[in-house]
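Architecture at a glance
Residues per chain are reported as follows:
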Amino acid sequence: MSALKNSPFGKRLRAFHSETDDDGAPRRTRPRIFGLNTPSLDSRPPTATTSDSTGPDSPLDSRPTNYGDRFVPTRDTGDMRTSYHLMDDAGPCTPSKRIIPSESDALKGTFHLSVSANAIFTSILHTEVTPPSPNRPPSPSRPPPASASSIPPSTPTRRRIFHYTSPSSGPPTPTRRLDTPTDEAYSMSPVRASSRQLLESPRRQPRAVCKTPYRVLDAPDLADDFYLNLVDWSTTNILGVGLGACVYLWTAHNAAVAKLCDLSNVGDTVSSVAWVQKGTILAVGTLSGRLHIYDAPSLTLIRSYNPAHSQRIGALSWNAHVLSSGSRDRMVHHRDVREAAIRPFRRCAGHKQEVCGLRWSTGPGSTSGGVIGAGVGGGDGGGLGPGFGVHTAGAMLASGGNDNKVCIWDLRGARRSSASATVGISAGTTRARSGSISASEDGGDIPLWKFHEHTAAVKALAWDPHVSGVLASGGGTQDKHIRFWNTYNGSMLNQLDTGSQCNLIWSLTSHELVSTHGFSSTTAQNQICIWRYPSLSMVAALTGHTHRVLYLAMSP
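Residues numbered from 1 in each chain as written. Predicted model: local features only at pLDDT ≥ 70, side-chain atom pairs only at ≥ 80, totals over all residues. Heavy atoms only, no water.

With respect to the overall build of the protein chain
To be explicit about the condition: Helix and strand assignments follow DSSP, with helices taken as H or I runs no shorter than four residues and strands as E runs no shorter than two, numbered in order from the N terminus. With a 1.4 Å probe rolled over the protein chains alone, any residue whose accessible area is under 20% of its type maximum counts as buried; one over 50% counts as exposed, and the rest are partly exposed. In these tables, accessible area is a Shrake-Rupley quantity obtained with a 1.4 Å probe, and a residue counts as shielded only by the protein chains included in the view.
From N to C terminus, the protein chain includes six helices and 29 strands. The burial tally for the protein chain puts 38% of its 556 residues in the buried class. Looking at the protein chain as shown, the accessible area adds up to about 33,100 Å², and 56% of this sits on carbon and sulfur atoms.

Shown next as structure tokens:
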């Protein structure tokens, strides 16, 4: 009997009884290897009555069991491209919305250059370490089967299976590889010719923009008013600034300061200044609606229009001998300064509130320069003869108003009536809508286009000197957008959310746009930003102002 117990059969029998509960139900046990549940070969799920008589199950037994023949660890961490950081940099799933222009946005340009250099290095590394396989002819592909109904039945034509040709009629014999002097076999470079060409190609260096002002001028009594234009720079490198009731001239080459006029004796205040495009003539608008023409070298008053408007003149713009003025009375007047008549030769009524922005389209070469003069809230000689001003007349005029509208005027055509007006082609843009403009007493003109996309007053207007017919406009605090328009077809080309009210001016030496900011929706940063067009990427951000930057001018 003892021999039976010690036999293999007896050992298996004792093991079977030890695995059986008192009720006779088999108890399922699994050996544990390295702390993991080794799955059984039995694929049947455990029954609800299965329990251990010794007590409740352990936390390991309560976890769900994955059945299989063995445990295979994950090998995701063994990916070579992941381990050696060779994966391509993926951008965010959703594009981040620009809220406020900051210095970090300008630094992204240098960061993108370094990322591009790293991408080029990675590409060359892959090319040199794992060169591509030699070019092989593509394997013939079988054409897709055509339906029986599309192809009519036909008798197959006889074709020769074996076709012999003489060597002379075949393709020309390729030249020997070693006969080419530029072959890679003769190269002394450790990299291939394609990689060497990529490494030797020129790279555009990042722009070096000076972040500190070369001159800081005191400007006491400079009005903190968004609707005024009190700073302008002439082509003779003279900066004109309206301070209270006075206009001061600052000559850049010798830093000389001169007082052009003082209107305190008549109880008036300067509201706008504008230099003629070519010359030394300065136009000055006042709060009472007067318009004065001064000769800067002699500091003398040449002509005065009193009154030019019934309310303050906030915007002035020159086109040769034609001076256009925009006022709070919602009118735009055009005067020929060669005539002393007070009455303008043309009036334009397109806005329902104050006209705060006015800009004639100018061609390349009207002004030039790269030094920016900004104000923060807190020539042809002096004659007015036929030769003064050299820019050709007849261009388009853009006006912006406190009614959130941008009007485009083309004064070259004949005067049109509102009855012949037609509706525009794009949403938010109208082309001289009937009844939307009240004609003046002498039959005011109808705007060529009227843009309605802005949601705040439009003061910033700038014509692109590099692309004809492109206008940039900037809105106030409630709008915060810079929008670009095609004035030929009345469509909006692009828009940029700057996070604050802005003023605009284009650079004539590069296709870049300069904007000044203030009254941000979150933090007042008061920056001067340089944008590259048409990518609208920030080149640089200039800081230093402690209040919002309202006025902007560029040196010749």
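What to know about the nonpolar core
This is how the line gets drawn: For this analysis, a nonpolar core means a set of buried residues of the types Ala, Val, Leu, Ile, Met, Phe, Trp, Tyr and Cys, connected via side-chain atoms within 4.5 Å.
Judged by nonpolar contacts, the single largest core of 30 residues is most densely connected at Val247, Leu249, Val270, Leu282, Val284 and Tyr551. Within the residue set of this core, elements represented by two or more residues are strand S3 (231-233), strand S4 (238-243), strand S5 (246-251), strand S6 (256-262), strand S7 (270-275), strand S8 (281-286) and strand S29 (549-554). With four residues, the top contributor of residues to this core is S4. Grouped together as the second largest cluster of nonpolar side chains are 17 residues, Cys502, Leu513, Leu536 and Met538 included.

Brief notes about a nonpolar patch on the surface
Put simply, the test is: Any residue with relative accessible area above 30% and no salt bridge may belong to a patch, with like charges joined within 9 Å and the nonpolar Val, Leu, Ile, Met, Phe, Trp and Tyr side chains within 5 Å. For this document, the term salt bridge refers to a Lys or Arg side-chain nitrogen within 4 Å of an Asp or Glu carboxyl oxygen.
Together, Phe9, Leu13 and Phe16 make up a nonpolar patch on the protein surface, roughly 330 Å² of accessible area in all. As for its placement among the helices and strands, leucine 13 is situated in helix H2 (residues 8-18). Judged by relative accessible area, which is 39%, leucine 13 ranks as partly exposed.

A word on the side chain of serine 324
Quick note on the threshold: In protein, a polar contact means a hydrogen-donor-capable atom and an acceptor-capable atom, both N or O and within 3.5 Å, with residues adjacent in sequence counting only if both atoms are side-chain atoms; elsewhere, any N or O pair within 3.5 Å suffices. By definition, residues are in contact when any of their heavy atoms lie within 4.5 Å.
Positionally, serine 324 belongs in strand S12 (residues 322-327). Reaching out from serine 324, the side chain makes a polar contact with the side chain of histidine 334 at a distance of 2.7 Å. Polar side-chain contacts of serine 324 include one of 2.9 Å to the side chain of tryptophan 360. Ignoring any residue separated from it by four or fewer positions in sequence, one finds serine 324 in contact with Ala315, Leu316, Ser317, His333, His334, Leu358, Trp360 and Leu397.

What about the pairing of strand S27 (residues 528-532)?
Definition in use: For two strands to be treated as a pair, DSSP must find no fewer than two bridges joining them.
In terms of burial, S27 is a largely internal element, four of the five residues being buried. Strand direction decides the pairing type here: S27 and strand S28 (residues 537-542), joined by five bridges, are antiparallel. Considered in S28, the bridge of cysteine 529 is made with alanine 541. In this structure, the hairpin formed by S27 and S28 is closed by a connection of four residues, where leucine 536 is found at a positive phi of approximately 60°.

Some thoughts on the confidence of the model for the protein chain
Selection rule: Known as pLDDT, the predictor's per-residue confidence is scaled from 0 to 100.
Of the residues in the protein chain, 61% have a pLDDT of 70 or more, and the chain-wide mean is 75. In the predicted structure, residues 364-370 sits below a pLDDT of 50 and forms 18 contacts with residues beyond four places in sequence or in another chain. Considering only residues more than four positions removed or in separate chains, one finds that residues 433-443, a stretch of pLDDT under 50, has 24 contacts.

Some points on the pattern of salt bridges
The full count for this structure, using the stated rule, is eight salt bridges. Note that arginine 338 is salt-bridged to aspartate 336, the shortest N-O span being 3.0 Å. If you follow the salt bridges from partner to partner, you end up with Asp225, Arg312, Arg328 and Glu354 in one network.

Section: the sheet that holds strand S23 (residues 481-486)
Here is the rule we go by: Helix axes are fitted only over the stretch in contact, all axes being lines through C-alpha atoms; the angle between N-to-C directions runs from 0 to 180 degrees.
With respect to topology, four strands assemble into an open sheet ordered S21-S22-S23-S24, the strand pairing being antiparallel. Each having just a single partner strand, strand S21 (458-463) and strand S24 (491-497) make up the two edges of the open sheet. Averaged over all pairs of adjacent strands, the angle between strand axes in this sheet comes to 20°, irrespective of strand direction. In this structure, S21 lies alongside strand S22 (residues 470-475), joined through five bridges in antiparallel fashion. By the bridge assignment, leucine 461 is partnered in S22 with serine 473.

Things to note about the packing of aromatic side chains
Using the following cut-off: In this analysis, rings of Phe, Tyr and Trp, with Trp reduced to its six-membered ring, are considered paired at centre separations within 6.5 Å, and the interplanar angle assigns stacked below 30 degrees, edge-to-face beyond 60, and tilted for intermediate values. Consider the ring centre and the ring normal. A charge sits over the ring if Lys NZ or Arg CZ is within 6 Å of that centre and within 35 degrees of that normal.
Throughout the structure, instances matching the rule amount to six aromatic pairs. For the cation-ring pair, arginine 335 lies above tyrosine 305, with the distance from its terminal atom to the ring centre recorded as 5.3 Å. A cation over an aromatic ring shows up here: lysine 459 above the ring of phenylalanine 226, its NZ or CZ 5.5 Å from the ring centre.

Examining the side chain of serine 327
Considering the arrangement of structural elements, one finds serine 327 in strand S12. Judged by relative accessible area, serine 327 falls into the buried class, the value being 0%. A polar contact is formed between the side chain of serine 327 and the backbone nitrogen of aspartate 329, at a distance of 3.2 Å. If near-sequence neighbours (up to four positions away) are discounted, serine 327 is found in contact with His309, Gln311, Arg312, Ile313, Glu354 and Val355.

Some thoughts on the sheet that holds strand S25 (residues 501-506)
In space, the four strands of this open sheet follow the order S25-S26-S27-S28, with antiparallel pairing throughout. Each of the sheet's edge strands pairs with one partner strand only, and the pair in question is S25 and S28. Averaged over all pairs of adjacent strands, the angle between their axes in this sheet comes to 25°, without regard to strand direction.

Brief notes about the state of the cysteines
Basically, it comes down to this: Only a pair of cysteine sulfur atoms within 2.5 Å counts as a disulfide in this structure description.
Tallied over the entire structure, the rule returns zero disulfides. We note that cysteine 261 lacks a disulfide partner, and the nearest cysteine sulfur, in cysteine 246, lies 7.0 Å from it. Under the relative-accessibility criterion, cysteine 261 is labelled buried at 6%.

Some words on the environment of glutamine 525
With respect to the secondary-structure elements, glutamine 525 resides in the loop between strand S26 (512-518) and S27. What makes glutamine 525 partly exposed here is its relative accessible area of 30%. As for glutamine 525 and glycine 544, which are separated by 19 residues in sequence, their C-alpha atoms are 9.3 Å apart.

With respect to unusual backbone geometry
Cis geometry marks the peptide bond from asparagine 306 to proline 307, where omega comes out at -5°. For proline 307, the position within the fold is in the loop between strand S10 (300-305) and strand S11 (313-319). The omega torsion of the bond from tyrosine 533 to proline 534 falls at 10°, within 30 degrees of zero and hence cis. Checked against the element boundaries, proline 534 lands in the loop between S27 and S28.

What to know about the environment of serine 310
Structurally, serine 310 can be placed in the loop between S10 and S11. Separated by 21 residues in sequence, serine 310 and methionine 331 place their C-alpha atoms 9.6 Å apart.

Focus: the environment of methionine 538
By the secondary structure assignment, methionine 538 is in strand S28. Linking methionine 538 and glutamate 512, residues 26 residues apart in sequence, is a C-alpha distance of 9.5 Å.

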